[in-house]
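# Breakdown of the fold
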Amino acid sequence: MMNKERITEQSALLQQRYGNQRKPDNIIWNSQIEAILNHRSVRNYLPDELPDGAIETMIAAAQSASVSGNLHQWSVVAVTDKVLKAKLAEITRLSDEAQGNYYIEQAPVLLLWIADLSRNNFISKSEGGKAEIHNYLDSFLMSSIDTALAAQTAAIAAESIGLGIVYLGAMRNQAKEIADAIGLPDYSYVAFGMVVGHPDPNFNSVIRPRPVQEVVLHYNRYDAKRSMKELETYEESFQSFRSEAQMKNKQWSTMVADVADSFSYMGGREQLRCAVEERGFKLK
Ligand SMILES: Cc1cc2nc3c(=O)[nH]c(=O)nc-3n(C[C@H](O)[C@H](O)[C@H](O)COP(=O)(O)O)c2cc1C
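Keep in mind that what you see is a predicted model, and the values were worked out from it rather than measured. (Residues numbered from 1 in each chain as written. Predicted model: local features only at pLDDT ≥ 70, side-chain atom pairs only at ≥ 80, totals over all residues. Heavy atoms only, no water.)

## Let's talk about the overall build of the protein chain
Selection rule: Where helices and strands are cited, they refer to DSSP runs of H or I of at least four residues and of E of at least two residues respectively, numbered from the N terminus. Any residue under 20% of the maximum accessible area for its type is buried, any over 50% is exposed, and the rest in between are partly exposed; the area is computed with a 1.4 Å probe on protein chains only. By definition, residues are in contact when any of their heavy atoms lie within 4.5 Å. Per-residue and other accessible areas were derived by the Shrake-Rupley procedure at a 1.4 Å probe size, with only the shown protein chains allowed to occlude residues. Just so you know, the count uses Lys and Arg for positive and Asp and Glu for negative, and it drops His and the chain ends. Each charge is placed at NZ for Lys, CZ for Arg, CG for Asp and CD for Glu.
Helix and strand counts for the protein chain stand at 14 helices and four strands. If one aligns the C-alpha atoms of the protein chain with their principal axes, the spans along those axes are about 60 × 50 × 45 Å. The buried share of the protein chain, reckoned over its 284 residues, is 40%. If you take every contact in the protein chain between residues at least 6 apart in sequence, the share linking residues at least 24 apart comes to 77%. Taken as a whole, the protein chain presents about 16500 Å² of accessible surface, with 54% of it coming from carbon and sulfur. Between the averaged position of the 30 positive side-chain charges in the protein chain and that of its 35 negative side-chain charges there is a distance of 4 Å.

What follows is the structure, given as structure tokens:
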């Protein structure tokens, strides 16, 4: 039986996820769905160590995600060494963002999620093959996709045991330096990082609203017109989120346009193609 408190909690989750926009009224609730809808990136951590078994639990979850061809083309480097963590934070810190990446050093663990063809490349060549398929864009993409699926499954596991996470695309900013710092073999690259730790209760991480489902969900045929139209209602939710979080007032569409033309947002990732080619990927 559903108690009243649970229903109130569930509608609060939908309210935070969609703001004042239209919300689905037919969610099939259970505790797993509640936990997933409760996600928020955490950028303030306590220095406390992770509970014993937390990393292994996350990796078991990650390994339970679907995996292309059962090929196991991802790896994780768990960075626990404070000096190395500080070095990685420094490498990926944007020059115009004095405070940026401080959470890497606060939290006890930084996971580096690696799209990794290196093992299978070695095996194929040891078996007398040329591993020609590894030279194609699809292999790069396949390992990157699997890495993301594994990571997100690990993120859900971490959140379910009370930990917080934030992804770090910034770990691609200086792909070569990051790869060198952790001794990555050819045919592998750090696709992104993930900070993991105990959320600092003195900082309230909030749920960020998303656009209404009609923006992203199409049945049978993509409807660009409806998608764009439905986006209009997102601006208000986006702005009230920003004002409640005491962030600078900004329109979402302006942010999209700014990001699409900003090399400072790229932070070095405009060199990524060269960096991954140097790591052995051919991207044919
Ligand atoms: C692949 C990926 C890379 C990300 N990179 C960064 C990053 O470098 N720094 C950061 O602070 N947040 C990063 N994020 C977190 C996003 O900013 C965040 O997920 C988004 O704003 C939505 O907020 P929420 O996760 O709290 O719902 C990244 C998220 C993803 C999925």
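## Some points on the domain arrangement of the protein chain
Worth spelling out the cut-off: Domain limits in this description derive from either an automatic procedure or a database domain assignment.
Assigned domains within the protein chain: domain 1 (4–38 + 207–244) and domain 2 (54–204). Each of domain 1 and domain 2 has a C-alpha centre, and the two are 29 Å apart.

## Quick notes on the packing of helix 11 (residues 234–244) against helix 12 (residues 252–260)
Test applied: For every element, the axis is a line fit to its C-alpha atoms; helices are fit only across the contacting stretch, and the angle between N-to-C directions ranges from 0 to 180 degrees. Roughly parallel refers to an angle under 35 degrees, roughly antiparallel to one over 145, roughly perpendicular to one between 65 and 115, and oblique to any angle outside these ranges.
Put simply, helix 11 and helix 12 touch, their axes get as near as 9 Å, and they point 85° apart. Considering the angle they form, helix 11 stands roughly perpendicular to helix 12. Between helix 11, through Y234, E235 and F238, and helix 12, the contact on the second element is made entirely by W252, S253 and M255.

## Some details on the nonpolar core
Applicable threshold: Throughout, nonpolar core names a set of buried Ala, Val, Leu, Ile, Met, Phe, Trp, Tyr and Cys residues whose side chains join them through atoms within 4.5 Å.
Counting residues in hydrophobic clusters, the biggest one holds 30 residues, and the most contacted among them are W113, M194 and V196. Among the secondary structure elements, those contributing two or more residues to this core are helix 3 (54–62), strand 2 (109–116), helix 7 (137–160), strand 4 (188–197) and helix 14 (272–278). Tallying contributions element by element places helix 7 first for this core, with six residues. L88, I114, V166 and M171 belong to the second-largest nonpolar core, a separate cluster that totals 20 residues.

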